[in-house]
Number of protein chains: 2
Amino acid sequence: MATNEKTSKSYLDLVNECDNFPYPQTDPGLYDARLDGLYTLLVAEEESTLGFVLPRVAEVLRGLPSWTLNDDDGTLTLSAGPSEDERSAIVAATTMAMRQTGHFAVLSGWRDELYPVYGRDGKCLFKIERSASPLFGVVSYGVHMTCYTKDAVTGEYRFWTPKRALTKQTYPGMLDNTVAGGLAAGEKPLEAVVREGEEEASLPADLIRERAKAVGNVSYFLIRDEKAGGETGLMQPESQYVYDMELPDDVVPKPNDSEVESFALLSTEEVKVSLRRGEFKPNCALVMLDFFIRHGILTPENEPDYVEIIARLHRRFEFPTVKYPGSQ
Amino acid sequence: MATNEKTSKSYLDLVNECDNFPYPQTDPGLYDARLDGLYTLLVAEEESTLGFVLPRVAEVLRGLPSWTLNDDDGTLTLSAGPSEDERSAIVAATTMAMRQTGHFAVLSGWRDELYPVYGRDGKCLFKIERSASPLFGVVSYGVHMTCYTKDAVTGEYRFWTPKRALTKQTYPGMLDNTVAGGLAAGEKPLEAVVREGEEEASLPADLIRERAKAVGNVSYFLIRDEKAGGETGLMQPESQYVYDMELPDDVVPKPNDSEVESFALLSTEEVKVSLRRGEFKPNCALVMLDFFIRHGILTPENEPDYVEIIARLHRRFEFPTVKYPGSQ
C-alpha cells in the first residue's frame, strides 16, 4: 500500500546519519573546512582539545572574564582555575547567563544535571550543565542496555523496545533501546543502568545487578539536526557504555515515568524493518547494530558494509576520554 | 623469584604496540610528519588512497613502466589497466622482480597467496602476493577465532591457546588465538575459519560451521618491528574478522601442521597474566581484549582505559575496505 511505503535505509545510512562529523583520514579536505569554521575549546595550562564550538556560540563569550576568544588560531580558552571547582563555577555562571538571554533554544531543555569534561590522564577539568554540552561540543557519556529474550530451541532473539513519549523534546515517538540515559558526573555506568532501568522500565535493581552484562561502548560524532531539539549544527560527540541483559519470559518492562509511551517485544525481523524505515532514534539504531554484530545476526557474508560499520560504531575522538567513570 | 619477573604491561600498552601508526585527530603534528615521509599509493583514474609506501621501497619502482613516482605530491601511481587482471599482472611482475633482487627480506617469506586490494565501492583494483602487502602498505584481511569453554555453574571461561612454533618466521614461540589466518582473494571469512580450523587445530569442519559465531572485526594500523620478520618500519593496516566458538569439554584442539607447537586450556587469569607479560602475538592480544570486552570480563569499572581501548580496537583506515568479502 502506498501509505506504508517508506524509504528503505541501509545500515550504513543509519551510521552516516548519526556519525556525521567528517573524518580527517578519509576526508581531509572536508574535515579541515569544517574545523576552519569552528573554535577549539581549551582550558588554560592544559594541552588537550576539549570540544568544538560554533562561532555564533563563541561570540556570546567574547570579552567575558575567564574566557578568551582568539580569532587568529581559532581557540576559545577558559582561563578560570586552577581547580576543577573554580572552573566549574565559571562554566555554571556562564551557562546560566546564556540561558537567561533566551538566545539558545537548546538550553530550554535545562536539566540541572552536571556532565564531566575530562583532560589528559582522565582528570576532570570541569563540569557542565547537561543541556549546554552541545553548545561547547564536549564529549558526553551515557548508558544503553538492550533487554532481550532468546528462544532456547530456535535461538531466536526478541527485543524489548520502548516507544518514546510524543511529549519528549528530543526524538518524540521514535523507538529506543530498552534502557538508556545520560551518565552524570560521579556516577558509575552500572549504577546509571540500575537507576534508569528502574525509572524507565520498572526493572528491579537486583535483577539488573545480577544480569546486566557490560559488552562495550559505542561512540560517534553527531552534528545535531532539528530532531535533536534546539538549534541545528551543534556538535555532539557521544560515548555510550553498552549493556546486554537477557530477560526471563516472565519479566516484562513497563513504563514508569513520562519518558516512555509503551514497550513491545519485537522479533529480529521487526527490528530490522523498523531500522530500515528510520523509526529508531539515531544513536539507538547504532546500539542495535552493535548488538546484531556481536551476536552474529549481521555477518561479513550478509552485510556488505560490515567492516566499515564496525569501525564507525567505535569512533576515536579528538578529545581525551574518561578513565574509571564515576570515581571522581 | 627474580627469574620470573617481567615488565607488567597495561592493556592499553598492548594496544599501543599494535596500533602504532599516529592518528590525525589526536596527533595531527605527528601524523603529518609521518605522512610527509611516505608515498601514497594510488591507481590511475581512481581517487582512493590505497596504501603508504616507504621511500626506500618506492625508489626501486622509479622509472619502471606502469609505475609513476611523483616527488612533488608524494604519490606512487600504478597506471596499468584498465582491468583488475592487467593491474594484477603488473603487480605480480613487479613484486617477483623485487624478490629476485634479494633486497627485501620480507619477500623471503613469499607465500604464493594473493591478497585483494579494494577501491571505492568495494571494487577489487588488483591482487598482490601476501608477503609483499606490507611493502605497499595496503590493508590485509584475516580471520581470528577464539575457542573457549564456559563452566555451566561458575560461568568461568577457559581459552584454548596455541603456542606458535619456534620455527615460524614471525613471532616464534608467542601465544596465539585458537585459529587464525589470512583471508586470500575470493575466500569468504567463514570458509577461511573452517580451513584454518582444520589445518591448524584439527577441528572438524562440520563443528566449525555449526558453532562458529561471527562477532565483529578488530582493525589496527601496525608499523612493523623486528618481531614481525623482514625489514622494520613497513606499514601494515589489518582488518581481522573475529569469531567466537564455545567448545564442548570433549573437543580438544590439536596441532595439525608445523605452525603450532601445542595447545593449552588457560583460565581467564592465566590469559591475563600472559597478556601483561607480553607473551601473546600483538594482534592476538587485541583479539583477546575484544573478547574480554564483549563478554563482560573487562568492564568500565575494572579497566581505566575501557573507552580508549574499544575505539582503538576498531580503527577506521585512510583506505577503502571490502564489501562482501570473497564474492569476487
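Conventions used here
- Residues numbered from 1 in each chain as written.
- Chains lettered and ligands numbered in written order.
- Predicted model: local features only at pLDDT ≥ 70, side-chain atom pairs only at ≥ 80, totals over all residues.
- Heavy atoms only, no water.
- Helix = DSSP H or I, 4+ residues; strand = E, 2+ residues; numbered from the N terminus.
- Contact = heavy atoms within 4.5 Å.
- Least-squares fit on C-alpha atoms with pLDDT ≥ 70 in both.
- UniProt positions renumbered as here; feature names shortened; annotations may be inferred.
- Buried area = accessible area lost by both parts, 1.4 Å probe.
- Salt bridge = Lys/Arg side-chain N within 4 Å of Asp/Glu carboxyl O.
- Domains from an automatic or database assignment.
- Polar contact = N/O pair within 3.5 Å; in protein donor to acceptor, adjacent residues only side chain to side chain.
- Nonpolar A, V, L, I, M, F, W, Y, C, P; charged D, E, K, R; others polar.
- Buried < 20%, exposed > 50% of the residue type's maximum accessible area, 1.4 Å probe, protein only.
- Pairing = 2+ DSSP bridges.
- pLDDT = per-residue confidence, 0-100.

## Description of the environment of Pro24 of chain B
Next up, step 1: Within the secondary structure layout, Pro24 of chain B lies in the loop between helix 1 (11-18) and helix 2 (28-36).
Next up, step 2: Residues Pro24 of chain B and Glu86 of chain B, spaced 62 residues apart in sequence, show a C-alpha to C-alpha distance of 34 Å.
Next up, step 3: Ignoring any residue separated from it by four or fewer positions in sequence, one finds Pro24 of chain B in contact with Pro24 and Gln25 of chain A together with Tyr31 of chain B.

## Thoughts on the relation of the copies chain A and chain B
Next up, step 1: Taken as rigid bodies, chain A and chain B are interconverted by a rotation of 180 degrees and an axial shift of 0.0 Å, the fit giving an RMSD of 0.0 Å. Within this description, the copies of the chain are treated as partners about a two-fold rotation axis.
Next up, step 2: Interface residue correspondence from chain A to chain B reaches 100%, placing this contact among same-surface, isologous pairings.

## Some details on the UniProt feature "domain: Nudix hydrolase" (unreviewed entry) in chain A
Next up, step 1: Per the UniProt annotation, the sites labelled "domain: Nudix hydrolase" (unreviewed entry) are residues 134-290 of chain A.
Next up, step 2: What you have in residues 134-290 of chain A is 26% helix and 34% strand, and the ends, taken at the C-alpha atoms, are 24 Å apart.

## Re the interface of chain A and chain B
Next up, step 1: Listed as interface residues are 44 residues of chain A and, on the opposing side, 44 residues of chain B.
Next up, step 2: In this assembly, chain A packs against chain B so that about 3700 Å² is buried in total across both faces, 58% of it on carbon and sulfur atoms.
Next up, step 3: Of all residues in chain A, Gln25, Val307 and Arg316 of chain A give up the largest surface area on contact with chain B, accounting jointly for 21% of the area buried on that side.
Next up, step 4: The interface formed by chain A and chain B includes 4 salt bridges.

## With respect to the domain arrangement of chain A
Quoted interface sizes are often the accessible area lost when the parts come together.
Residue and element names in this part refer to chain A.
Next up, step 1: In terms of domain boundaries, chain A breaks down into domain 1 (2-19 + 139-312) and domain 2 (37-136).
Next up, step 2: Each of domain 1 and domain 2 has a C-alpha centre, and these two points are 29 Å apart.
Next up, step 3: Between domain 1 and domain 2, the residue contacts involve 17 residues of the former and 21 residues of the latter.
Next up, step 4: Taken over both partners, the interface formed by domain 1 and domain 2 buries close to 1500 Å², and the fraction arising from carbon and sulfur atoms is 61%.
Next up, step 5: Together, Glu231, Leu234 and Met235 form the three largest contributors to the area buried by domain 1 at its contact with domain 2, with a combined 35%.
Next up, step 6: Taken together, the connections running from domain 1 to domain 2 amount to 0 salt bridges.
Next up, step 7: Summed over the shared surface of domain 1 and domain 2, the result is 4 residue pairs in polar contact (both at pLDDT 80 or more).
Next up, step 8: Residue assignment for the side of domain 1 that touches domain 2 shows that the elements contributing at least two residues are strand 7 (140-150) and strand 11 (235-246).
Next up, step 9: Per-class residue counts for the side of domain 1 that touches domain 2 are 8 nonpolar, 7 polar and 2 charged.

## Some points on the pairing of strand 3 (residues 67-70) of chain B
All names here are of chain B.
Next up, step 1: The two faces of strand 3 differ: Trp67 and Leu69 on one face are buried, but Thr68 and Asn70 on the other face are not.
Next up, step 2: Pairing geometry for strand 3 and strand 4 (residues 75-78), over 4 bridges, is antiparallel. Counterpart to Asn70 in the pairing with strand 4 is Thr75.

## Focus: the confidence of the model for chain A
Next up, step 1: In the predicted model, chain A carries a mean pLDDT of 95, and 98% of its residues have values of at least 70.
Next up, step 2: In this model residues 1-5 of chain A is a low-confidence stretch, pLDDT under 50, and it forms 1 contact with partners more than four residues away in sequence or in other chains.

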